[in-house]
Structure formats: C-alpha cells, structure tokens
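One letter stands for each residue in the lines below.
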Amino acid sequence: MTRACFLKNNKVYKIILYVILASPGLFLLVNKYPLLAIASNLVVLLLGVFFLFYRGSITSDHYDILKVLLFIYIYLTLSYFISNQPVENFFSYDFLRYDGSFFFSYILFFALAVPYFDYKEVSKLYFKFLFVIFFLFSLSGIILYLSKNYILMFIDQGASYGNTFKALNNAHNATGSVYAVVCVFLIVFMLKESRWKYRVLYIFTLLMCLACLFLTRSRGSYVSFAVGAVIVIWFHFRSIKKFAISMLVMAAVAAPLVFISGAFKRILMIFKLDEANNAWRLVLWERALYMFRQSPIFGIGFARFNDIDFPSSRLNDFSFEHLHNFTGYPGIVSFFLEPKYDFSTAHAHSSYFQFLAETGIIGMGLVIFFWAFMFKKMFKAYNTVGSSFSKKVFLCCMGGVAVLFTLALTENYFSAATVMMCISMVSSLALGVYWQERNNIAFN
C-alpha cells in the first residue's frame, strides 16, 4: 500500500469516527424509539473506554469536572442502597430509563474525556447535525400544522393545549426543552457569524425552530428559552445599548410567531395558579417538601419519590405528617425503607424539589455546584480563548446551562435524558475544545 493510499484510508476512517461521535445529535427528537439514542451514546462511551485503555489519559479540563461528577455518582449510589433498594433494580433498564436516568444522562462527560479526536471538528459536525435535524423536523411540523394534518408529530391535548407538536418524542415537554436549547444555540451562531449568507441561513433556521418551539405548548420551555437568549445576547455584546436593541428585535420577531401559533394562551396560563397543571405542581411540591422535612440533610433516598403513595382522598390535603413511616430520626436523618419500587415517569415536576426530597441539601447542592462550576469554567474559556468557533461552543454551553437551570424549576430536567444528552454533549465537547485551545494541540 502506498503512503498516499494509507493517508486516504486514514481520512476515511476519521470521517467515519467523527460521524459516530457526533451521532447522538441525530436522535434528540425520536425518544419514542429510545434504542436509537441509547445505542448512539453507548457506542460513544465504548469508544471512550477503548481509547482510555489505549492512550491512558483524559484532558485536564475534563478531569476537574469529572471529579465532581464522580462524587455525585457515588453519593447517589450510596443514597440508593442505604434506602433499602435491591441491586437488581439498580442495573435494570426501567430504573436507568426512569428513576435512575441521571446516571445515563451524564455519561457523555466520561465518554468524550479521552483526547483521541479533534474536539473542534466533532463539535462542528455535531452542531451541523443538530441544526439540520431540527430544521427538517420543524419544516415537517409547520407543513403538517398549516395543512391541519395533525398526524405523527402532533397530539391533541384538549382545550388548554390544542394540537401540540412533539416530533417523534413521547412528550411535548421533552420536545420543547430540547428545542429551547437548540434555539439558543442558533442565536449564538447567528450572532457570531461574520459571513452574511450563513447568518441568513441561521436566522431562517432559528425562525423555523422558534415556530415549532411555540407549537410544543411547553410553558417552561418558553421561559427557559427567553432566559438562555438573554444570557447569550448579553455575553455577546456586553453593551447595555446593543443588548437592549437586540432584545427588542428578538421580541418583535417572536411576537408574530407567538400569536400565530396560539402560544400566547399558554403563556397567560403561567400566571393562573388555579390552572390544572399549575395546581397539580403545587401539590407535588408540597409532597416533596414533606419528604425533605423528614430528612433535610441526606433526603429519603435516591429514586424514592415515586415509591411513596399518597391516597387520592388526600389529593389536595397538604397535611401529610405521620402519613408514612421513615426509619431513623425524622426531621433530621431518616430514609424510606419500605420494599416498594415504582419505575415510572412520575416526579416532583421540579429538579430542585426532586433532589431535595430524595437526596437532601447535600445532593441538591452537589448538582447545582456541578453546573455552576461548568458555567464558571466556560465563562473563563470564553474570555480567554481567541478562536471564533471556540467562542461559539463556549457561549452555547453557557446558554445551555442557563436554559437547564430554568427548565429545572418546573420539571425534573437535571435527570431528563432527552435534553441532558444535548447539554452534556455540548458541555463535554466544550471542555475538550478549551483543553485543545489552551494547549495549542492540532490533530492530524
């Protein structure tokens, strides 16, 4: 084999490898078929494990983050077993998909920590995959909506929701959350693109994705997108005047989409505490606080929120005291030890309340610290690294973390695989890009 032929084959292998590494971006809107996303993430993980043994190192910037994440994994695992849950459940598919989805949602931090590929090139490909896939789904969704052909990608959820866009996901909230993140990414790429033909392309894609974001009828996603947009626009301009003008332009562009899609009705419901979903969240939050009061330091046990039954006769009764038996010293440290295990999508409809109930102040504090640390690291990277594309990646990560903190107010998104696969991927790639830039490393 000639040297030229060898290099050509190496290039082909590299392209195949990079497509595999970026492939998780293709399956964020198809969680109705979860094996696609699971397979793509596991392949990336297996590659990471293989090259870890082959190369024997991880990036220094991943190392800082992984120390915190590994401590969280250990803490959640101990919390699980201390609350008398069986080993076989811990490794079951149902546990990892529902109550224990936190473990799966963050594996890309580990999988992409080994520097055997060009982080910049994989990041470019990943964002291309994201934008193309979301554009195609948005185009399909808009065509179906305008033609009143509400099949496949829509679900009729009654008077308060109407026909709701959910792509090929199981829930409209999952679709709305990841659309909110991708729309923020598109704003970053639009703002930092110097070539007008590409900027116009990003603007058009953003408008399409915004339209479908509003069609998801997900109020938490609306608010989270707004917060993420504010964050990335501010850090891009860092000028009150330019920031104010940009926000006015964004509001002017979004307003027609809000009214045409009917999203304004859902936005108004945010402020109606007696609305059914809002009222139910208040009930769930009270239940979570009841659990938290039983064991404020360590919580009642990771993955235990679903396992406690609340009689339907007391659906709206917030006086839960002495309703259940907790082992230990209730009010200080106690755990729910009853041999009842419910794997379902039920949760506290707030990551903050969910983690406080199950893992206490320590568990909640660790998760918040992890993402705050990630944001701080990306803020430093954004201010110190000069590459134009790298700044896009860092700002996308910062915007994604801002969206996540806001999403987590009304759903358990710290453990939601759909949106977390996206944010974890971008965050882990951003760490790699930062490491690559700081050390001036070029991959052949």
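Scroll up a little and you will see the structure.
Residues numbered from 1 in each chain as written. Predicted model: local features only at pLDDT ≥ 70, side-chain atom pairs only at ≥ 80, totals over all residues. Heavy atoms only, no water.

Undergrad: For this particular structure, what's the right way to read the side chain of Thr 205?
TA: Within the secondary structure, Thr 205 sits in helix 10 (residues 196-215). When its relative accessible area of 8% is taken as the criterion, Thr 205 is described as buried. Excluding residues that lie within four positions of it along the chain, Thr 205 makes contacts with Phe 131, Phe 135 and Leu 186. (Helix = DSSP H or I, 4+ residues; strand = E, 2+ residues; numbered from the N terminus. Buried < 20%, exposed > 50% of the residue type's maximum accessible area, 1.4 Å probe, protein only. Contact = heavy atoms within 4.5 Å.)

Undergrad: Just checking my understanding: could you explain the environment of Phe 53 for this structure?
TA: Along the chain, Phe 53 turns up in helix 2 (residues 34-55). By relative accessible area, Phe 53 is classed as exposed at 71%. Distance in space between the C-alpha atoms of Phe 53 and Val 114 is 9.7 Å, their sequence separation being 61 residues.

Undergrad: Is there a simple way to think about the pattern of salt bridges in this case?
TA: Oppositely charged side chains are able to pair whenever their charged atoms sit close together. Here the structure, examined in full by the defined rule, presents eleven salt bridges. For Asp 61, the salt bridge goes to Arg 438, with nearest N and O atoms at 2.7 Å. Here Asp 61 is found in helix 3 (residues 60-82), whereas its partner Arg 438 is found in helix 17 (residues 417-438), with 377 residues between them in sequence. Judged by its relative accessible area of 2%, Asp 61 is buried. Here Asp 309 makes a salt bridge to Lys 340, at a shortest N to O gap of 3.6 Å. Pair noted here: Asp 309 is in the loop between helix 14 (276-294) and strand 3 (327-329) and Lys 340 is in the loop between strand 4 (333-335) and helix 15 (351-384), with a separation of 31 residues, a long-range link. When its relative accessible area of 28% is taken as the criterion, Lys 340 is described as partly exposed. Overlapping salt bridges bring together Asp 61, Asp 64, Lys 377 and Arg 438 as one network. (Salt bridge = Lys/Arg side-chain N within 4 Å of Asp/Glu carboxyl O.)

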